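What follows is each chain in one-letter form.
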Amino acid sequence: MRNDRPFRLGVLGSGKGSNFVAIAEACAAGRIPAQVGLVISDVPDAGILSQAQTRGIPQTFLAPGKYRTKLDEAAEQAYAGALQEAGVDLVILAGFMRILKGGFLQAFAGRVINIHPSLLPSFPGLAAWRQALEYGVKVTGCTVHFVDQGVDTGPIIAQQTVPVLDGDTADTLHQRIQAAEWQLYPECVAALARGQVIVRGRQTVAGP
Ligand code: GRF
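Residues numbered from 1 in each chain as written. Predicted model: local features only at pLDDT ≥ 70, side-chain atom pairs only at ≥ 80, totals over all residues. Heavy atoms only, no water.

A. Examining the domain arrangement of the protein more closely. Segmenting the protein into domains produces domain 1 (1–109) and domain 2 (115–208). Averaged C-alpha coordinates put domain 1 and domain 2 at centres separated by 19 Å. Across the boundary between the two partners, domain 1 contributes 20 residues, which contact 16 residues of domain 2. Summed over both partners, the interface of domain 1 with domain 2 comes to about 1500 Å²; 67% of that surface belongs to carbon and sulfur atoms. For the pair domain 1 and domain 2, the number of links is zero salt bridges. (Domains from an automatic or database assignment. Contact = heavy atoms within 4.5 Å. Buried area = accessible area lost by both parts, 1.4 Å probe. Salt bridge = Lys/Arg side-chain N within 4 Å of Asp/Glu carboxyl O.)

Below, the structure is given as structure tokens:
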């Protein structure tokens, strides 16, 4: 609770929204002491929006602007404004396929997190499970981290390993990583909502 109101989450996603569902269900079950205040997508028919609608959670499409891989300046302002208006304390990227830059990150300094489907710093960028499979690693996983101006470079909050099995395809490996994500991301959000994550430079440590 902050100022006698629940800790509030804002979720940004471009895809099917399975991580959002895991987080929303953990909130509903009381495993995360928070509520989802707003879901925003840059894709008008993204599954994440219908998942939010089904659960009665406020959701909206906001146009990303003129670029393909990032939000333009006006869109960053619109996204930040909508999240501020909704009283969001923590911004959760859940499959949001655009890079956030200065303006948005300044508005939510130290309050934006992401989940990435590899053990960072290995395999940043797109389709990280495919990169891991093609490289031939025997263990990969997922990483929850704070978002900074780089791509998948911010301080790491937690990681979960996932084995690469003989005969794995990109799809089977991705499915196994996603199952790990649905455990790890809600746990991290719960720790953040409880104020139990302390950041010191690149290091994050468990608080009280
Ligand atoms: C996840 O695999 C996550 O690691 C990556 O995007 C994917 C989102 O999936 N950042 P979903 O929309 O949560 O199902």
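B. Up close: the pairing of strand 2 (residues 34–41). For strand 2, a buried count of seven out of eight residues is recorded, marking the element as mostly surrounded by other parts of the structure. Across six bridges, the pairing between strand 1 (residues 7–12) and strand 2 is parallel. Opposite V11, over in strand 2, you have V39 as the bridge partner. Handedness of the β-α-β unit built from strand 1, helix 1 (residues 18–28) and strand 2 comes out right-handed. In the sheet, strand 2 pairs with strand 3 (residues 59–61) via three bridges, with the strands oriented parallel. Looking at the pairing, V39 lines up with Q59 of strand 3. Following the chain from strand 2 across helix 2 (residues 47–54) to the adjacent parallel strand 3, one finds a crossover that is right-handed. (Buried < 20%, exposed > 50% of the residue type's maximum accessible area, 1.4 Å probe, protein only. Helix = DSSP H or I, 4+ residues; strand = E, 2+ residues; numbered from the N terminus. Pairing = 2+ DSSP bridges. Right-handed = clockwise from strand over helix to strand, strands pointing away.)

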